[in-house]
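Descriptive structure summary
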Amino acid sequence: MITRSPSVLQSQESTHPDVTPLALQSAWQAQLSQAIRDPGELCRRLGLDGGWLPGAERGHSLFEVRVPEAFLSRMRPGDPQDPLLRQVLPLAAEGEVVRGYVSDPLAEADHTPGRGLIHKYAGRVLLIASPACAVNCRYCFRRHFPYGENTPSRTQWEDSLEYLRDDVSITEAILSGGDPLAASDRQLAWLAERLAAIPHLKRLRLHTRLPVVIPDRVDDALLHWLSTTRLQKVVVLHINHANEIDDAVAAACERLKGAGVTLLNQSVLLRGVNDSVETLANLSERLFEAGVLPYYLHVLDPVAGAAHFDVTDEEARELIAGLRGQLPGFLMPRLVREIPGEASKTPL
Ligand SMILES: *Cc1c(COP(=O)(O)O)cnc(C)c1O
Ligand code: SF4
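Note that the structure is a prediction, hence the values are computed from the model and not measured. All chains use their own residue numbering, which begins from 1 and follows the written sequence. Chains and ligands are labelled sequentially in the order written, the chains with letters from A and the ligands with numbers from 1. Totals for whole chains, interfaces and linings use all residues, but because this is a predicted model, local features are given only for residues with pLDDT of at least 70 and pairs of side-chain atoms are given and counted only at 80 or more.

**Quick word on the UniProt feature "binding site: [4Fe-4S] cluster" (unreviewed entry) in the protein chain**
Short version of the rule: UniProt positions are given in the numbering used here, feature names are shortened, and annotations may be inferred rather than shown by experiment. Put simply, DSSP H or I for four residues or longer makes a helix, DSSP E for two residues or longer makes a strand, and each gets a number counted from the N terminus. Exposure is read from a count of other C-beta atoms within 10 Å of each residue's own; the residue is exposed at 12 or fewer, buried at 20 or more and partly exposed in between. C-beta atoms are placed from the backbone. Note that contacts rest on C-beta atoms placed from the backbone: two residues are in contact if these are within 7 Å.
Residues given the UniProt feature "binding site: [4Fe-4S] cluster" (unreviewed entry) here are C133, C137 and C140. Within the secondary structure, C133 is located in the loop between β2 (124-130) and α6 (154-166). Given 23 C-beta atoms within 10 Å, C133 falls into the buried group. Filtering out sequence-adjacent residues up to four positions away, C133 remains in contact with G177, G178, D179 and A182. Along the chain, C137 turns up in the loop between β2 and α6. Those residues within four positions of C137 in sequence are excluded, and the remaining contacts are Q87 and V88.

Structure below.
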């Protein structure tokens, strides 16, 4: 739900963490490169019965499995309905053609002034810092863009930086992806330094799932460049269920806050994962315990292969009404949809 542009994805440098020489890998990069990428292994590791495997292989052929160990460890073995497993386990249903579910639901290519950059909303520009992700979420709209694993090239960055320098109305740079934290800290520190040198920029925002999927991603190298930039920092995490927040994730949030980061969360409303008032209330409570405020609850982008996750608008509104009856206002996420061509997310 984070990356919005297939057109940025041709690149020259091969600096993806997966190809960093072993001896130079950070702990998180090693965990990323050892992620489970085989549907059979995923089923075995979770003790699922053999009936799940053909579907998992079918789904995997459409969008490959990727699940790091640290995320797997929060799932209940033997439970095919586990809310974390459901987000990453491929199913035969992904191969069904459902009317209205398309491969590019957000029609993004129209909004890209330069490769690697999307400027749709006033005052803020989204930069694709890394097209790679630490986990492959089955409901992701980017499942149909198998665009390789390379980070953008320096030249591409220079073009994006020039675009930001030339438009004084831009006050916020949003690093997105894929997952921007799949890029190395060397690259990110370089970028943060150049962004900080643009006088009209106030804020640096990151949209990332990595601190949730691999909490060790929040290491000293990351905290160093984050805590030294003059820009105000916002990290928008992506967490869909309270079970995703174990002690290691809470500790990673604590470290980010220690570096002066404001923490927010966006979720996607997913059938079978978080489509109940109780589950959503628990998520908000658990987020706040970890120092994170709920920001957006997105309805599903109608991407082909994800129709089985759909929750109707009517159900979504009922859930939000139920949630409002239980939570303080500051723990209420904003229920939104992304509509191509609109100048902001659209509240439901
Ligand atoms: C979602 C999004 C943003 C950020 O929107 P906020 O409402 O500020 O969180 C910015 N640019 C693009 C292209 C987006 O899709
Ligand atoms: S982390 Fe998941 S939802 Fe986000 S861009 Fe990657 S695959 Fe999509």
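**Observations regarding the packing of helix α11 (residues 277-289) against helix α12 (residues 313-324)**
Under the convention used in this document: Axes, fitted as lines to C-alpha atoms, cover a helix only where it is in contact. Angles between the N-to-C directions of the axes lie from 0 to 180 degrees. Working rule for angles: under 35 degrees goes down as roughly parallel, over 145 as roughly antiparallel, 65 to 115 as roughly perpendicular, anything else as oblique. By convention the crossing between two helices is left-handed if the near helix lies anticlockwise of the far one by an angle smaller than a right angle, and right-handed if it lies clockwise. Residue classes follow a fixed rule: Ala, Val, Leu, Ile, Met, Phe, Trp, Tyr, Cys and Pro count as nonpolar, while Asp, Glu, Lys and Arg count as charged, and any other residue, Gly among them, counts as polar.
As a packed pair, α11 and α12 sit with axes 9 Å apart at the nearest point and diverge in direction by 55°. When the axes of α11 and α12 are compared, the pair comes out oblique. Like other packed secondary-structure pairs, α11 and α12 cross with a definite hand, here right-handed. On α12, the residues that touch V277, L280 and A281 of α11 are L319, G322 and L323. Looking at side-chain class alone, the contact of α11 with α12 contains five nonpolar, one polar and no charged residues.

**A look at the sheet that holds strand β1 (residues 117-121)**
Which entries qualify depends on this criterion: Strands were regarded as paired on the criterion that DSSP finds at least two bridges between them.
Read across the open sheet, the nine strands follow the order β1-β2-β3-β4-β5-β6-β7-β8-β9; overall the sheet is mixed. Looking along the sheet, the strands with just one partner apiece sit at the ends: β1 and β9 (346-347).

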